Amino acid sequence: MRAQLLTLDHLVQLIDPQLYLHLQSADSTNFFFFFRMLLVWYKREFEWPDVLRLWETLWSDYLTSNFHLFIALAILEKHRDVIMEHLKQFDEVLKYINELSNTMDLIPILTRAESLFHRFNRAVEAIDKKNNFPTPSTHHRKPSQPSSDASKGKSPERPSSSAFSSSVNPGTSVNSGDKSEAKVISPELRELFKKDVFWKRRASIDQGHDSPALPRD
């Protein structure tokens, strides 16, 4: 459970930094207010037919084996305005989230969760692509020297400013402390792309391939 809450922490930081900062100010980034939902996979949050439908969706591993975390993110995103405007303490956030039980419609939550997964996928691709770009050169080119014939008998001229080329803005140090650090995708977030389909593991066992142990029926 701790690993799931940590992954949810990283996910909210990436997808909605503003909401994360508010939760941080409310001492709520432990995400304990989602403990019950994640423990029983939202069994108490929806009507029983919707719970069965949700579980079938989660068991399918359609996008990821951790789609239940995107369900949690979808619930947060749906109620982010109320959370940011009115909830300032952990106990207020906890009370509000707990009182959502049996007040939410499943289909909009599923739709939002799927959209958030694709948004997460695009964000990871963009960060990976940016981190793979080569670092721009910061070396100055030497100023061109005037020919000996042209400069003979004349005082040397100062090189013009156009003789220099640099990728660093004037007046900015290469090692400037205000330079923002590059975003890095944590291993916990990369685990969200993992699919662990049950029937594929069962087929692998039936064929005698190595596979993690499964509970007996």
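The numbers attached to residues start from 1 for each chain and follow its sequence in the written order. Since the coordinates come from a predicted model, pLDDT governs what is reported: local features require at least 70, and pairs of side-chain atoms require 80 or more to be given and counted, while whole-chain, interface and lining totals use all residues. Hydrogens and water are ignored here; the side-chain numbers use all heavy atoms of the structure.

With an unreviewed UniProt entry as reference, the protein chain is termed GTPase-activating protein GYP7, source organism Aspergillus rambellii.

A. Structural context of the overall build of the protein chain. The secondary structure content of the protein chain amounts to eleven helices and zero strands. The way it works is that DSSP assigns letters per residue, a run of H or I at least four long becomes a helix, a run of E at least two long becomes a strand, and they are numbered from the N terminus. Going from N to C terminus, the protein chain has its helices and strands arranged as α-α-α-α-α-α-α-α-α-α-α. Relative accessible area decides the class of each residue, using a 1.4 Å probe on protein chains only: under 20% of the type maximum gives buried, over 50% gives exposed, and in between gives partly exposed. Buried positions account for 33% of the 217 residues belonging to the protein chain. Contacts were defined at the residue level, with two residues in contact if any of their heavy atoms lie within 4.5 Å. Intrachain contacts of the protein chain at a sequence separation of at least 6 include 76% that bridge at least 24 residues. As presented, the protein chain carries roughly 15,000 Å² of accessible surface, and 52% of it is formed by carbon and sulfur atoms. Using the Shrake-Rupley algorithm and a 1.4 Å probe, accessible areas are obtained, with residue cover drawn only from the displayed protein chains.

B. Quick peek at the packing of helix H1 (residues 2-15) against helix H8 (residues 106-131). Here an axis means a line fitted to C-alpha atoms, over the contact stretch when the element is a helix, while the angle between two N-to-C directions is reported on a 0 to 180 degree scale. Interaxial distance between H1 and H8 falls to 10 Å at its minimum, and their mutual angle equals 75°. One finds that H1 runs roughly perpendicular with respect to H8. Where H1 abuts H8, its residues Leu11, Leu14 and Ile15 lie against Leu116, Arg119, Phe120, Ala123, Val124 and Ile127. Each angle is binned into one of four classes, with values under 35 degrees roughly parallel, values over 145 roughly antiparallel, values of 65 to 115 roughly perpendicular, and all other values oblique.

C. Inspection of the environment of Leu63 at higher detail. By secondary structure assignment, the location of Leu63 is in the loop between helix H4 (48-59) and helix H5 (67-78). Looking at Leu63, the relative accessible area reads 12%, which means it is buried. Along the primary structure Leu63 and Phe193 are separated by 130 residues, whereas in three dimensions their C-alpha atoms are 7.6 Å apart. Non-local contacts of Leu63, meaning those with residues more than four positions away in its chain, are made with Glu114, Phe117, His118 and Lys195.

D. Fine view of unusual backbone geometry. The phi angle at Phe31 is positive, at roughly 60°, despite the residue not being glycine. Tracing the sequence through the fold places Phe31 in the loop between helix H2 (17-25) and helix H3 (35-40). Among the residues examined, Phe31 registers a relative accessible area of 0% and is labelled buried. At Trp41, a residue that is not glycine, the phi angle is positive and equals roughly 55°. Along the chain, the position of Trp41 falls in the loop between H3 and H4.

E. View of the nonpolar core. Counting residues in hydrophobic clusters, the biggest one holds 49 residues, and the most contacted among them are Phe31, Phe34 and Phe70. Elements supplying a minimum of two residues to this core: H1, H2, H3, H4, H5, helix H6 (80-86), helix H7 (90-98) and H8. Discounting residues that sit within four places of it in the chain, Phe34 has contacts with Leu8, Ala72, Ile75, Leu76 and Ile97. In plain words, nonpolar cores are sets of buried Ala, Val, Leu, Ile, Met, Phe, Trp, Tyr and Cys residues tied together by side-chain atoms within 4.5 Å.

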